[in-house]
Amino acid sequence: MGLFTKDIKSMDDLFLHVVQDIYYTEQQITKALPEMIEKATNRELTAAFKSHLAETKKQVSRLEQVFELLGQSPKGTSCPAIDGIIAEAKEIAGEIDNKKVLDAALIAAAQAVEHYEITRYGSLIAWADELGHEAAAKLLKTTLDEEKATDKMLSSIGEKKVNLKAAG
Ligand code: FE
Ligand code: FE
Ligand code: FE
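Residues numbered from 1 in each chain as written. Chains lettered and ligands numbered in written order. Predicted model: local features only at pLDDT ≥ 70, side-chain atom pairs only at ≥ 80, totals over all residues. Heavy atoms only, no water.

Draft legend 1. Molecular detail of the overall build of the protein. The secondary structure content of the protein amounts to five helices and zero strands. For 168 residues, the compact-globule formula gives about 15 Å, and the C-alpha radius of gyration of the protein, at 17 Å, lands near that figure. Judged by the C-alpha coordinates and their principal axes, the protein covers about 55 × 30 × 20 Å. The proportion of buried residues among the 168 residues of the protein is 45%. Total accessible area on the protein is roughly 9,000 Å²; 54% of this is exposed by carbon and sulfur atoms. (Helix = DSSP H or I, 4+ residues; strand = E, 2+ residues; numbered from the N terminus. Rg over C-alpha atoms; globule rule 2.2 N^0.38 Å. Buried < 20%, exposed > 50% of the residue type's maximum accessible area, 1.4 Å probe, protein only. Areas by Shrake-Rupley, 256 points an atom, 1.4 Å probe, with all protein chains shown as cover.)

Draft legend 2. Expanded view of the coordination of the iron ion (ligand 2). Protein coordination at the iron ion (ligand 2): the donors are Asp21 (OD), Cys79 (SG) and Tyr116 (OH), at 1.9 to 2.4 Å from the metal. Site description for the iron ion (ligand 2): donor spacing in sequence, D-x57-C-x36-Y. Residue Cys79 is found in the loop between α2 (43-69) and α3 (80-93), and its partner Tyr116 is found in helix α4 (residues 99-131); the two are separated by 37 residues along the sequence. Accessibility expressed as a relative area gives 10% for Tyr116, which makes it buried. (Donors = N, O, S within 2.8 Å, 3.2 Å for Na, K, Ca; no water.)

Draft legend 3. Spatial organisation of the coordination of the iron ion (ligand 1). Surrounding the iron ion (ligand 1) are the protein donor atoms Glu26 (OE), Glu26 (OE), Gln59 (OE1), Glu117 (OE) and Glu147 (OE), which sit 2.0 to 2.3 Å from the metal. Positions of the donor residues of the iron ion (ligand 1) along the chain correspond to the pattern E-x32-Q-x57-E-x29-E.

Draft legend 4. Molecular detail of the pattern of salt bridges. Scanning all chains against the criterion turns up five salt bridges. Note that Glu35 and Lys90 form a salt bridge whose closest N and O atoms lie 4.0 Å from each other. Note that Glu35 is positioned in helix α1 (residues 11-39) and Lys90 in helix α3, a separation of 55 residues in sequence. Exposure remark for Lys90: the relative accessible area of 44% places this residue in the partly exposed category. Of the charged contacts in the structure, one is a salt bridge between Glu146 and Arg62, with a shortest N-O distance of 3.1 Å. Taken together, the residues Glu146 in helix α5 (residues 134-167) and Arg62 in helix α2 connect sequence positions 84 residues apart. Assigned by exposure class, Glu146 and Arg62 land together as buried. Taken together, the shared-partner salt bridges connect Glu35, Lys39 and Lys90 into one network. (Salt bridge = Lys/Arg side-chain N within 4 Å of Asp/Glu carboxyl O.)

Just geometry here; none of it tells us what the structure is for.
Written as structure tokens, this is what we have:
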């Protein structure tokens, strides 16, 4: 279903559609992170990816709770945006031999993922508030905070360690 097909008539429909989008997204991230963990060499970066993989699995079940609150069964919808971000990450990672440069590329790719998630959760929370889905908004906010913290953590790993070594 495309975003602007006639299947989406109301804000409730739009909200559900984007919940399905981020549900698909979180599942794709769950599949992509193990490869990034394998490719990363900086220990802090590996640890950050590992802990975010565990967090992401919890985010998937949090979304399942959101579906339940909406009286819907969990279902993903295609998200060309996350598919593109992940495809680009794999493509660039395949082109880099230098381990420090590869770490820098992995951080940049992971931050692209986090930023996509942050925009999606931001919109969903605003709409959940507007639609009176208080419990769903709370669950989504918990995840948004995790995505923001991960983004910050990746910035600090990149700034403190990886980028300096890659440049030197
Ligand atoms: Fe996530
Ligand atoms: Fe999407
Ligand atoms: Fe994330």
